[in-house]
Amino acid sequence: MKKMAVRAASLIGGVLAVAPAFALDGQYNFQVPVTRIAEDIFSLHMLMFWICVVIFVAVFGVMFYSIFAHRKSKGAVAATFHESTTVEILWTIVPVLILVGMAWPATKTVLDMKDTSSPDLTIKATGYQWKWGYDYLQGEGQGIGFFSTLSTPRAQVDQGEYKGDNYLLEVDNEVVVPVGKKIRVLLTAQDVIHAWWVPAFGVKQDAIPGFIRDAWFKAEKEGTFRGNCAELCGKDHGFMPIVVRVVSQQAYTEWVAAKAAEAAAKNAPPAAASAPAAVPSAASEPKPAASAS
Amino acid sequence: MSAVTPDAVHGHDHSHDHDHHMPTGWRRWMTATNHKDIGTLYLFFSFIMFLTGGVLALTIRAELFQPGLQIVRPEFFNQLTTMHGLIMVFGAIMPAFVGFANWMIPLMIGAPDMAFARMNNWSFWLLPPAALMLVGSFFVPGGASAAGWTLYAPLSLQMGMGMDMSIFAVHMMGASSIMGAINIVVTILNMRAPGMTLMKMPMFAWTWLITAYLLIAVMPVLAGAVTMLLTDRHFGTSFFNAAGGGDPVLYQHVFWFFGHPEVYIMILPAFGIVSQIVPAFARKPLFGYASMVYATASIAILSFVVWAHHMFTTGMPAVTQIAFMYMTMLIAVPTGVKVFNWIATMWRGSMTFETPMLFAVGFIFVFTMGGFTGLMLAIAPADIQYQDTYFVVAHFHYVLVAGSLFALFAGTYFWIPKWTGHMYDETLAKRHFWLSMISFNITFFPMHFLGLAGMPRRIPDYNPFFTDFNQLATVGAFGFGLSQVFFLYIVLKCIKGGPKAADKPWDGAEGLEWTVPSPAPFHTFEVPPVFEAPAGHGH
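Residues numbered from 1 in each chain as written. Chains lettered and ligands numbered in written order. Predicted model: local features only at pLDDT ≥ 70, side-chain atom pairs only at ≥ 80, totals over all residues.

### Some thoughts on the overall build of chain A
Okay, step 1: Tallying secondary structure elements over chain A gives five helices and 10 strands in all.
Okay, step 2: Burial statistics for chain A: of 293 residues in total, 35% are counted as buried.
Okay, step 3: Here the contacts in chain A between residues at least 6 apart in sequence split such that 64% fall between residues at least 24 apart. (Helix = DSSP H or I, 4+ residues; strand = E, 2+ residues; numbered from the N terminus. Buried ≥ 20, exposed ≤ 12 C-beta atoms within 10 Å, placed from the backbone. Contact = placed C-beta atoms within 7 Å.)

Here it is in structure tokens:
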């Protein structure tokens, strides 16, 4: 009995000792969640993880005990039993009950993730080989459009130059959204399937050429959040990141105004003897080939 | 290898049987119809493919050792990941299990050979040309297909002629699998020794019977999927092109309807091997034989209704996500039953830990870890974060390498005395086990963390945040690769010579294969044996 207590204590101690490793944003676990959905996902993940750990310890505790105690070299004599209906029923039903316990919160989160109704802002993200295009379709900022391309210098990739903290996770034009607002993201693609993924938001949605899918997020904190294309799309699949900057409502309004001014300047009729006809702003990306499904 | 001399037939004068000259040299192998010879061909072929796929993997890991691109260009990197997958799945794992089926099923059920001995030859000989197509695709303009082993459209529609070569190879390998599966079903259903009812036959035969039905059901579906790719590429169809009225996601549905049963095709025979080995070394009958049969059948049936868990991010309706999530979670139940039954077999046995048992117990331990991550992946909302990251890569390598491959090693050490007549070197084999087990975990365990922290899969370069675990994985991978060259040495050494193996070198083993001499004579069970079920069967 005392031996078991010591064993239990050291087990708990061991777990507590490594508990910091389970912290978010370390190398061992998810990035810090910035939306309620991402928090729900994280909770689900940790629930699953701990249930699996408990089952693992129980099952392999039994197995390793058996390996130790039931060996021929220790003089163990083999029993002859080879069935037990009771035990079989038990270890079929108990796992089913455990699964039901996992399925309940998971179902709730699926339904939450699917509810893209009543957004404050709608942005369309189009996947290209190999960059993203964004169009602000509805809500404050409507009409803004731009491409977002990896801005890490090739010399860092190919020639071993010193790599910054945001190596392969930085772009020329970031997506800017206001904090605390529900953003609906429409996804499509120009060529092959891509996927738009921002881990801190808990959002990943395939961008399928010829079709429109949607996802949504509501960032609860300001900051800059980085993600990657998450569907193999050709040679530079690893080189088309996503960067979303979440700012206060005030800062967002200012950004919208600045963007509008920029677009107006580009579209204004040329002053006498100055620059040739403006190249239209990046809002003129090609439209998807077929209607939304 | 099996005994070469035809007149080693046990106890009977068969002088008339060999008026037809037994071919020797290359003709023997080219025209083989004997299940032992064909089994040997499959096993050698699969090992060559395994080493080839392994070289591709080591190149991948070498590139991923540090951030930045040092060794290969991204286009070529994608060819490496694609071909590593195709070669390992279709060239290494599947043919290896078919090799075991060929060698062992007739011996286990007391049959003289497979039902269709000549078709068996064709099943094997389709594979080397298919392998040449796959490997050869690296050398054509445009290189090998770089669309991932899953070959998703529309990306696969952009690939060069290497893609068409891969499609051709898949067709050949599919035909080989279908013919092999038909052979196995007919053999098992018709050629069991008198007294061996279905519920008295060895578990390895049961798992292969069920696997064979899965193969017959889904290989044609894969053929359909890649043929649609071919016609979209060259014959003006638009199955996967929205502009023509098609849908890229259709490809995923068709592919994964094959793809999910495919992964069970790769694991059920492994379950069968483990179910033969654990009772032998625990000196105790398999616990719950009937449940093991029902659990295997349940897994196979459920495998048909879970395919879209590979597609949770494609945008399916909530109710569909939920349905596939529930069905996927359900598979944990029969799989758990199997794990519990193996442990119950060990419980209060009298165990020794020769290398087959080391690999079998190692399988139970590490495969179950892969099963846990599979359950986590089944949770659709969580999968949104895991999908297309290294978490998935970790999961499937745990079940395919620590699962399927370790079972193949276990079976090799278990049955090689029967195949060659020699015992393998136990000391070296134990080293192979520990080297493989440790290096495997060093390679793949860190990948769970990489995936959780946000590293996508199929990328040749990454942010320095991910460096430490990538370096660890690369070091582990090279260790694992070297360990398998060591395995080759152990096997070749055993073929060449070693302590003479008894008919039944493992004192706790049961089964008809242990009633014939070691090495098994070229022809066995030409007269059906008398079969009495040992304890634990036929209730």
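### Points about the overall build of chain B
Okay, step 1: On a plain count of helices and strands, chain B comes out with 17 helices and zero strands.
Okay, step 2: Computed over its C-alpha atoms, the radius of gyration of chain B comes to 23 Å, within 12% of the 24 Å expected for a compact globule of 539 residues.
Okay, step 3: In chain B, buried positions account for 61% of the 539 residues.
Okay, step 4: In chain B, of all internal contacts separated by at least 6 residues, the share reaching a separation of at least 24 is 83%. (Rg over C-alpha atoms; globule rule 2.2 N^0.38 Å.)

### As for the sheet that holds strand β8 (residues 213–217) of chain A
All names here are of chain A.
Okay, step 1: Spatially, five strands are ordered β3-β2-β1-β5-β8 in an open sheet, and the strand pairing comes out mixed. Every interior strand has two partners, whereas the edge strands, β3 (145–148) and β8, have only one. The sheet shows a mean angle of 25° between the axes of neighbouring strands, direction not considered.
Okay, step 2: Strand direction decides the pairing type here: strand β1 (residues 121–128) and strand β5 (residues 183–189), joined by seven bridges, are parallel. Residue pairing across strands places Ile-123 opposite Val-185, the latter belonging to β5. (Pairing = 2+ DSSP bridges. Axes fitted to C-alpha atoms, helices over the stretch in contact; angles between N-to-C directions.)

### A short note on the packing of helix α12 (residues 332–346) of chain B against helix α13 (residues 355–378) of chain B
Angle between the axes and distance between the axes: these two values describe a pair of packed helices.
Residue and element names in this part refer to chain B.
Okay, step 1: Interaxial distance between α12 and α13 falls to 11 Å at its minimum, and their mutual angle equals 160°. One way to sum up the angle between α12 and α13 is to call them roughly antiparallel. Both α12 and α13 take part in a crossing whose hand is left-handed. Contacts from Ala-332, Thr-335, Val-339 and Trp-342 in α12 reach Ile-364, Thr-368, Gly-371 and Leu-375 in α13.
Okay, step 2: Taken together, the residues of the contact of α12 with α13 sort by class into five nonpolar, three polar and no charged. (Parallel < 35°, antiparallel > 145°, perpendicular 65-115°, else oblique. Left-handed = near helix turned anticlockwise from the far one by under 90°. Nonpolar A, V, L, I, M, F, W, Y, C, P; charged D, E, K, R; others polar.)

### A few points about the nonpolar core
Okay, step 1: Ranked by internal contacts, the top residues of the largest apolar core, which has 256 residues, are Ala-205, Val-274, Ile-277, Ala-360, Phe-363, Ile-379 and Ala-410 of chain B.
Okay, step 2: When residues in this core are grouped by element, the largest group, 22 residues, is from helix α3 (residues 74–109) of chain B. (Core = buried A, V, L, I, M, F, W, Y, C linked by C-beta atoms within 7 Å.)

### Remarks on the interface of chain B and chain A
Okay, step 1: Each side of the interface is counted separately: chain B has 77 residues, and chain A has 75 residues.
Okay, step 2: At the level of elements, α3, α8 (248–265), α11 (318–330), α12, α13, α14 (380–386), α16 (426–453) and α17 (467–496) of chain B are the ones that each hand at least two residues to the side of chain B that touches chain A.
Okay, step 3: Counting residues per element, the side of chain B that touches chain A draws most heavily on α12 of chain B, at eight residues.
Okay, step 4: Here the side of chain B that touches chain A is built from residues that sort into 49 nonpolar, 20 polar and eight charged.

### Observations concerning α8 of chain B
Okay, step 1: If you check α8 of chain B, its first and last C-alpha atoms are 26 Å apart, about what 18 residues at 1.5 Å a residue would give, namely 26 Å.
Okay, step 2: Counting buried positions along α8 of chain B gives 14 out of 18 residues, so the element sits mostly inside the fold. (Expected span 1.5 Å × (residues − 1).)

### Some words on unusual backbone geometry
Okay, step 1: Here Gln-129 of chain A and Trp-130 of chain A are connected by a cis peptide whose omega angle stands at 5°.
Okay, step 2: Tracing the chain through its elements places Trp-130 of chain A in the loop between β1 and β2 (131–138).
Okay, step 3: Note the cis peptide between Ala-153 of chain B and Pro-154 of chain B, where omega equals -5°.
Okay, step 4: By secondary structure assignment, the location of Pro-154 of chain B is in the loop between α5 (127–136) and α6 (161–190).
Okay, step 5: With a phi angle near 60°, Asp-388 of chain B is a residue other than glycine that sits in the positive phi range.
Okay, step 6: With phi around 55°, Phe-525 of chain B is a residue other than glycine that occupies positive phi space.
Okay, step 7: The residue Phe-525 of chain B is located in the segment after α17 in this model.
Okay, step 8: Given 22 C-beta atoms within a 10 Å radius, Phe-525 of chain B is considered buried.

### Concerning the confidence of the model for chain B
Okay, step 1: For chain B, per-residue confidence averages 95 on the pLDDT scale, and residues scoring 70 or more make up 96% of the total.
Okay, step 2: Contacts of residues 1–19 of chain B to residues separated by more than four positions or lying in other chains number 27 contacts, the stretch itself having pLDDT below 50. (pLDDT = per-residue confidence, 0-100.)

### Some points on the pairing of strand β6 (residues 194–198) of chain A
Residue and element names in this part refer to chain A.
Okay, step 1: Among the five residues of β6, five are classified as buried, and the element is accordingly described as predominantly covered.
Okay, step 2: Across the two faces of β6 the burial is the same, with His-194, Trp-196 and Val-198 and Ala-195 and Trp-197 all buried.
Okay, step 3: Pairing between β6 and strand β7 (residues 203–207): five bridges, direction antiparallel. Across the sheet, residue Trp-196 finds its bridge partner in β7, namely Gln-205.
Okay, step 4: With antiparallel pairing between neighbouring strands as the criterion, β6 and β7 make up a hairpin whose turn holds four residues, including Gly-202 at a positive phi of roughly 70°.
Okay, step 5: Sheet topology note: the β6/strand β9 (residues 223–229) ladder contains two bridges and is antiparallel. The residue bridging Trp-197 from the neighbouring strand is Asn-228, located in β9.

### Some points on the sheet that holds β9 of chain A
Residue and element names in this part refer to chain A.
Okay, step 1: The strand order β4-β10-β9-β6-β7 describes an open sheet built from five strands, whose pairing is mixed. The open sheet has two edge strands, β4 (175–178) and β7, and neither has a second partner. Here the average twist between neighbouring strands, direction ignored, is 25°.
Okay, step 2: Lying over the sheet, helix α5 (residues 249–267) contacts β4 and β10 (242–247), oriented at roughly 135° with respect to β4.

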